[in-house]
Amino acid sequence: MIMGQNEVGLDGPVRLNAADLKSPAAHGRGVETPGYALDQRRVGIVHFGVGGFHRAHQALYLDRLMQQGRALDWAICGVGLMPFDTAMRDALTAQDGLYTLVEKAPDGTRTARVVGSIAEYLYAPDYPEAVLARLADPAVRIVSLTVTEGGYNYNARTGEFLADTPEVAADLAAGAGQPPRTTFGFVIEALRRRRAAGTAPFTVMSCDNIQGNGHLAQKVFTAFADLKDPELGTWIRANVAFPNSMVDRITPVTTDADREAVAADYGIADAWPVVCEDFIQWVLEDAFPAGRPPFEEVGVQVVDDVEPYELMKLRLLNATHQAMAYTGYLAGYRYAHETARDPLFAEFFAAYMDREATPTLRPVPGIDLDAYKRQLIERFSNEQVRDTLARLCAESSDRIPTWLVPVIAHNLDDDGGAAPRGSVALSAAIVASWARYAEGVDEAGESIEIVDRLKDRVTAAAARQDEDELAFLRDPELFGDLVENEEFTAHYVAALRSFKTVGSRATLEALSASGWSGLV
Ligand SMILES: NC(=O)c1ccc[n+]([C@@H]2O[C@H](COP(=O)([O-])OP(=O)(O)OC[C@H]3O[C@@H](n4cnc5c(N)ncnc54)[C@H](O)[C@@H]3O)[C@@H](O)[C@H]2O)c1
Ligand SMILES: O=P(O)(O)OC[C@@H](O)[C@@H](O)[C@H](O)[C@H](O)CO
């Protein structure tokens, strides 16, 4: 049914799809809808990993351009590979790629818009050839990724590509004509086809939370290509661009309550809306030989060197999320804002940022770091967003080595006093809080559902720590040789004992009483 202006939702929520949006119906409840013709969108980007974040971030920037009647030839074809992506397939296919994005400010202000920049969604196991055809299409000039840290299939400490994980090994062994299963398999087969057809390659744009995400993408995709077809690997190294980027917007997992609120507040029956904070940032390296949308015109900072921004964001925001996740969960909190609004915890986060993360950072052009850190605590405290600690506690074995271990390594590196060194006391306490969390029971005796690709390994290590206090650290893939460093292990053991005996809050109180210098 196509409803008339201002009628949307008055008789119950309207279904979200292109036909119903041809009328400006949804304006009736204060929702901005695509002001551009949806049938004029042309796919120019293929995106792997269409989850909450991509839809709150890159797809929104494109939608902003499209609202100005521009970049209609840069519409997105989303691709899902994982078994659970069938849910996104069903939601977006029924909605012609449309979804509602609700941005929530700390003061309770909400803005909602229907985003139209995703023109198509392909679930790769259903249509592998269609995915390859899209990727080989000369109109596609960017392949972007938000496939999580785990999607890069690498050792976070050494950067080495893990060629023997089952799915990747299967793609490497697959003969011609066998459909790929992984991002690597699809992207490399598409580049092979483009090269054979004389089509210029696309740019591979990682938007995941990894330091040097473009460099890493280049490393793992070319490592895969080298194993599959060394000549192709050489061609990719010479011809394919992999820009680095810093991406930022806190985007929690969508809940049924979010779906109900979108229906009740905006009159839209959306199977999978996205809810996020009102803050957004994207700093992007300008390395797009095949062209790109004019992102800088809608707020993206396009720069030559992204690294200082990346280090700032990953070591202050993401590593502090790790400081919050396990300490907060053990203490009984379940939401980020509850934890950040507790003065003791907020003081802990600020101390970690000031004493341990900041000494590892380079000056960041145009950024006042003190103001940035204060703003982070305010963002974490945004109670409207309802970001869960469970989301932040997941996949720890990808996150701690990616964000925190480099801070520790930097601060332990004795360069003869050339650069100021930070302490490692609070970083050690964060690692210890994870080790205590991995025991699988919180301080109220409730069991914890641990979500981690290395769950068996980390929980087994945590189970051994009553007999061997360093058991958790004895995993070189996660911690390198930290277990050999006496300065680090002294702080770690003291913090672990404290978490295990007096609990999270009392541990933070003791750290506070030490002036945040540690428990040794
Ligand atoms: N949520 C945020 O606040 C946020 C903010 C900044 C950056 N990010 C980045 O975006 C990533 C995704 O976050 P999200 O909130 O959208 O998560 P999500 O769970 O909503 O979506 C993740 C997507 O990645 C896909 N994926 C996971 N593993 C994969 C693999 N091995 N190969 C291919 N695809 C795979 C999933 O199928 C899914 O489509 C994060 O890991 C992070 O790097 C997230
Ligand atoms: O999404 P991840 O796994 O990279 O990290 C979890 C959070 O720290 C992260 O999603 C932040 O919310 C985000 O990076 C904010 O921009």
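Summary of the structure given here. If you're wondering where the values come from, they're calculated on a predicted model, not measured in any experiment. (Residues numbered from 1 in each chain as written. Chains lettered and ligands numbered in written order. Predicted model: local features only at pLDDT ≥ 70, side-chain atom pairs only at ≥ 80, totals over all residues.)

## Structural notes on the overall build of the protein
So, step 1. The helix and strand tally for the protein stands at 21 helices and 14 strands.
So, step 2. Scaling as 2.2 N^0.38, a compact globule of 520 residues should have a C-alpha radius of gyration of about 24 Å, and the protein matches this with 24 Å.
So, step 3. In terms of overall dimensions, the protein has C-alpha extents of about 65 × 60 × 45 Å along its principal axes.
So, step 4. Burial analysis of the protein (520 residues in total) assigns 49% to the buried set.
So, step 5. Across the protein, contacts joining residues at least 24 apart in sequence account for 75% of those joining residues at least 6 apart. (Helix = DSSP H or I, 4+ residues; strand = E, 2+ residues; numbered from the N terminus. Rg over C-alpha atoms; globule rule 2.2 N^0.38 Å. Buried ≥ 20, exposed ≤ 12 C-beta atoms within 10 Å, placed from the backbone. Contact = placed C-beta atoms within 7 Å.)

## Focus: the packing of helix α11 (residues 307-330) against helix α16 (residues 396-412)
So, step 1. Relative to each other, α11 and α16 sit at 120°, their axes nearing to 9 Å. Here α11 is positioned oblique relative to α16, judged by the angle of their axes. The way α11 lies across α16 gives a crossing that is left-handed. Where α11 abuts α16, its residues L314, R315, N318, A319 and Q322 lie against R399, I400, W403, L404 and V407.
So, step 2. The residue inventory of the contact of α11 with α16, partitioned by class, reads 6 nonpolar, 2 polar and 2 charged. (Axes fitted to C-alpha atoms, helices over the stretch in contact; angles between N-to-C directions. Parallel < 35°, antiparallel > 145°, perpendicular 65-115°, else oblique. Left-handed = near helix turned anticlockwise from the far one by under 90°. Nonpolar A, V, L, I, M, F, W, Y, C, P; charged D, E, K, R; others polar.)

## Regarding the nonpolar core
So, step 1. Counting 154 residues, the largest nonpolar core has V187 and F221 as its most contacted members.
So, step 2. Take this core: its biggest share by element is 13 residues, from α11.
So, step 3. In terms of domain composition, this core takes at least three residues from each of domain 1 (39-303) and domain 2 (307-513). (Core = buried A, V, L, I, M, F, W, Y, C linked by C-beta atoms within 7 Å. Domains from an automatic or database assignment.)

## Quick look at the site of ligand 1
So, step 1. Every one of the 25 residues lining ligand 1 counts as a neighbour, but G49, G51, F53, T148 and D208 are closest to it.
So, step 2. Put simply, the parts of the chain that give the shell around ligand 1 at least two residues each are α2 (52-56) and β10 (245-248).
So, step 3. No other element matches α2, which puts 3 residues into the shell around ligand 1.
So, step 4. In the shell around ligand 1, the residues fall into 8 nonpolar, 12 polar and 5 charged. (Near = placed C-beta within 6 Å.)

## What about the pairing of strand β4 (residues 75-80)?
Every regular strand shows the same layout, with side chains that alternate between the two sheet faces.
So, step 1. A large share of β4 lies buried, amounting to 6 of its 6 residues.
So, step 2. Because side chains alternate across β4, one face comprises the buried residues A75, C77 and V79, and the other comprises I76, G78 and G80, equally buried.
So, step 3. Sheet topology places strand β3 (residues 43-48) next to β4; 5 bridges connect them, and they run parallel. Across the sheet, the residue bridging to V43 is A75, located in β4.
So, step 4. Strand direction decides the pairing type here: β4 and strand β7 (residues 118-123), joined by 5 bridges, are parallel. Bridging across to β7, V79 finds its partner in L122. (Pairing = 2+ DSSP bridges.)

## Some remarks on the pairing of strand β5 (residues 99-104)
So, step 1. Among the 6 residues of β5, 5 are classified as buried, and the element is accordingly described as predominantly covered.
So, step 2. Two elements, β5 and strand β6 (residues 110-115), share 6 bridges in a ladder whose sense is antiparallel. For E103, the partnering residue across the bridge sits in β6 and is T111.
So, step 3. The turn joining β5 and β6, which pair antiparallel and follow one another in sequence, is formed by 5 residues; a positive phi near 95° is taken by G108.
So, step 4. Where β5 meets strand β12 (residues 274-277), 4 bridges bridge the pair, whose relative direction is parallel. Bridge assignment links E103 to a residue of β12, and that residue is C276.

## Looking at the sheet that holds β6
So, step 1. Taking strand neighbours across the sheet as the criterion, the 4 strands line up as β2-β6-β5-β12 in an open arrangement whose pairing is mixed. The open sheet has two free edges, formed respectively by β2 (31-32) and β12, since each of these has just one partner strand.
So, step 2. Direction of pairing for β2 relative to β6: parallel, over a ladder of 2 bridges. Looking across to β6, one finds that E32 is bridged to R113.
So, step 3. Contacts between helix α10 (residues 256-266) and the sheet are confined to β2, β5, β6 and β12, with β5 contributing the most and set at about 90° to the helix.

## Quick look at the packing of helix α20 (residues 486-501) against helix α21 (residues 504-513)
So, step 1. With their axes 7 Å apart at the nearest point, α20 and α21 run at an angle of 140° to one another. Compared by their axis directions, α20 and α21 come out oblique. Viewed along their axes, α20 and α21 form a crossing whose handedness is right-handed. Residues A495, S498 and F499 of α20 touch α21, and the partners they reach there are S504, T507 and A510.

## Quick look at the site of ligand 2
So, step 1. Around ligand 2, the neighbouring residues are T148, E149, N209, D248, R249, I250, L317, N318, H321, L392, E395 and R399.
So, step 2. A per-class count over the shell around ligand 2 returns 3 nonpolar, 4 polar and 5 charged.

## Quick notes on the environment of F221
So, step 1. Summarising the element assignment, F221 is placed in helix α8 (residues 213-228).
So, step 2. A tally of 26 C-beta atoms within 10 Å means that F221 is categorised as buried.
So, step 3. Along the primary structure F221 and Y152 are separated by 69 residues, whereas in three dimensions their C-alpha atoms are 8.6 Å apart.
So, step 4. For F221, the contacting residues outside a window of four places in its chain are F184, V187, I188, V204 and I236.

## Some points on helix α14 (residues 369-380)
So, step 1. Here α14 spans 16 Å end to end across 12 residues, near enough to the 16 Å set by a 1.5 Å rise per residue.
So, step 2. Within the sequence span of α14, burial applies to L376, R379 and F380. Buried residues along α14 cover an arc of 90° about the axis, so they all sit on one side. In this structure, α14 carries D370, A371 and E378 as exposed residues pointing more than 90 degrees from its buried face.
So, step 3. Looking at the buried residues of α14, the elements they touch are β12, α11 and α12 (336-340). (Expected span 1.5 Å × (residues − 1). Arc of directions from axis to C-beta.)

## Remarks on the sheet that holds β7
So, step 1. On the basis of which strands lie adjacent, the open sheet formed by 5 strands has the order β7-β4-β3-β8-β9 and parallel pairing. This sheet does not close on itself; its edge strands, each paired only once, are β7 and β9 (203-206). Across the sheet, the mean angle from the axis of one strand to that of its neighbour is 25°, orientation sign disregarded.
So, step 2. Bridge analysis of β3 against strand β8 (residues 142-145) gives 4 bridges, and the strand direction is parallel. Considered in β8, the bridge of I45 is made with I142.

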